[in-house]
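Below are the chains, spelled out letter by letter.
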Amino acid sequence: MPVVTSFRRLSEEEKYERFMQRIEAGEKIEADDWMPEDYRMTLIKLIAMHAISEIMGALPEKEWVPKAPSLRRKLGIMAKVQDEMGHGQLLLRVAEDLMAPLGKTREEIMQDLFKGDLKFHNVFHMPAPTWADAGLIGWLVDGAAIITQTNMLDASYGPYARALKRICAEEVFHAQHGESIILALAEGTKEQKEMLQDALNRWWEALLMFFGPASSETTGASKQDITIKYRIRTKTNEQLRQDFFTKYVPRILALGLKLPDETMHFDEKQGKWIYKQPDWNKFKEIIRNNGPKSKERLRLRELSYYHNAWVREALSGQSAAV
Ligand SMILES: [Fe+2]
Ligand SMILES: [Fe+2]
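Residues numbered from 1 in each chain as written. Chains lettered and ligands numbered in written order. Predicted model: local features only at pLDDT ≥ 70, side-chain atom pairs only at ≥ 80, totals over all residues. Heavy atoms only, no water.

Some remarks on the overall build of the chain
- Summing up its helical and strand segments, the chain has 13 helices and 2 strands in all.
- Taking 2.2 N^0.38 as the reference for a compact globule, 322 residues should give roughly 20 Å; the C-alpha atoms of the chain span a radius of gyration of 21 Å, in line with that estimate.
- Along the first, second and third principal axes, the C-alpha atoms of the chain reach 70 × 60 × 30 Å.
- Classification of the 322 residues of the chain by burial places 47% in the buried group.
- Relative to all contacts within the chain whose residues are 6 or more apart in sequence, the contacts with residues 24 or more apart total 77%.
- Accessible surface computed for the chain: about 16,600 Å², of which carbon and sulfur atoms make up 56%. (Helix = DSSP H or I, 4+ residues; strand = E, 2+ residues; numbered from the N terminus. Rg over C-alpha atoms; globule rule 2.2 N^0.38 Å. Buried < 20%, exposed > 50% of the residue type's maximum accessible area, 1.4 Å probe, protein only. Contact = heavy atoms within 4.5 Å. Areas by Shrake-Rupley, 256 points an atom, 1.4 Å probe, with all protein chains shown as cover.)

Structure, rendered in structure tokens:
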């Protein structure tokens, strides 16, 4: 096509200009399209981290599959764990296509995780010692994930936007599954209510950290500015955290639970929630794999990755033969 031929003759600056015009016009960028290096690298980092977090995120709830209090709950949590692994696989495929021109493979994403070069979400480094924790993960961690992921449903990168559409539809079920567990505990015995409050106290700081530091707390060039510039997302970390508060603080209070932060309130004048900042140094330590469950879960993932190597080999052999 003449358009393609003429595009090839353009200088890098002209290609960049055309790319930005497409972004600003709300067009979707596809895997084979020309894209600037920082766009590709930002997407690889974001999507690989998202993929790995889905897979690592299945582990705290997986611990509760054998211990779920009823058959119905067991089926629910088992289906959720399975969905999360599926989300991870779907996203790894999106990351893989972006990495192909760089000669990097999906296998390397996993190796980066094991070497500690690829970080996963802070919440999945935390323990889930009670059934209330398992419910709270579904209700609030998946709830937080829905807020960040729906913000990217119209991402400029088409394959990511399409994968998120499928993922978000399932995340809504996850949040409902979590809410159902939480409601049962909130209406239960004194011990169950206490167990729920303890779980909320335990998860509160991790939930605040989930959205990442606000721009002023990041050092150097802010990654979130790049994601906004390239229309991968529209809201900042702090805006997303505020959306989370607006959605969930009234629900938490309606269940008769206490917020673990007594200073927290909505400031009408500023139009935002005022809350106690989490310890951001602790956050950095957690995502450097120094969280309470980091090493144990990484070991478990590595072990199952090698135990299941024969399945990947069998599948790739099969596809080569076809
Ligand atoms: Fe998920
Ligand atoms: Fe989920």
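Structural notes on the coordination of the iron ion (ligand 1)
- Around the iron ion (ligand 1), the protein supplies Glu54 (OE), Glu84 (OE), His87 (ND1) and Glu171 (OE) as donor atoms, at distances of 1.9 to 2.2 Å.
- Its 4 donor atoms give the iron ion (ligand 1) angles of 90 to 138 degrees at the centre, a pattern that matches the irregular case.
- Between consecutive donors of the iron ion (ligand 1), the numbers of intervening residues give the motif E-x29-E-x2-H-x83-E.
- The iron ion (ligand 2) is placed at 3.3 Å from the iron ion (ligand 1), the two being bridged by Glu84. (Donors = N, O, S within 2.8 Å, 3.2 Å for Na, K, Ca; no water. Tetrahedral: all angles 85-135°; square planar, octahedral: opposite > 155°, others 65-115°.)

Re the coordination of the iron ion (ligand 2)
- Listed as protein donors to the iron ion (ligand 2) are Glu84 (OE), Asp142 (OD), Glu171 (OE) and His174 (ND1); their distances from the metal cover 1.9 to 2.2 Å.
- Around the iron ion (ligand 2) sit 4 donor atoms, and with donor-metal-donor angles ranging over 90 to 160 degrees the site reads as irregular.
- Each donor residue of the iron ion (ligand 2) belongs to the same chain, and together they define the spacing E-x57-D-x28-E-x2-H.
- Overall, Asp142 belongs to the buried group, its relative accessible area being 4%.

A few points about unusual backbone geometry
- Positive phi values are uncommon outside glycine, yet Arg231 reaches one of about 55 degrees.
- Taking the relative accessible area as the measure of exposure, Arg231 reaches 41% and is therefore partly exposed.
- Its identity is not glycine, yet Asn289 carries a phi of approximately 70 degrees, on the positive side.
- The class for Asn289 is buried, based on a relative accessible area of 9%.

Quick look at the domain arrangement of the chain
- Domain assignment breaks the chain into domain 1 (1-34) and domain 2 (37-316).
- Once you take the C-alpha centre of each, domain 1 and domain 2 turn out to be 34 Å apart.
- Domain 1 puts 10 residues into the contact, and the matching count from domain 2 is 13 residues.
- Roughly 960 Å² is buried in total at the junction of domain 1 and domain 2, and carbon and sulfur atoms are behind 52% of that figure.
- Among the residues of domain 1 in contact with domain 2, Ile23, Lys28 and Ala31 are the three that bury the most area, contributing 45% of the side total.
- Where domain 1 meets domain 2, there are 2 salt bridges.
- The residue Asp154 makes a salt bridge to Lys28 at a minimum N-O spacing of 2.9 Å.
- Across the domain 1-domain 2 interface, the total number found is 8 residue pairs in polar contact (both at pLDDT 80 or more).
- Residue composition of the side of domain 1 that touches domain 2, by class: 6 nonpolar, no polar and 4 charged. (Domains from an automatic or database assignment. Buried area = accessible area lost by both parts, 1.4 Å probe. Salt bridge = Lys/Arg side-chain N within 4 Å of Asp/Glu carboxyl O. Polar contact = N/O pair within 3.5 Å; in protein donor to acceptor, adjacent residues only side chain to side chain. Nonpolar A, V, L, I, M, F, W, Y, C, P; charged D, E, K, R; others polar.)

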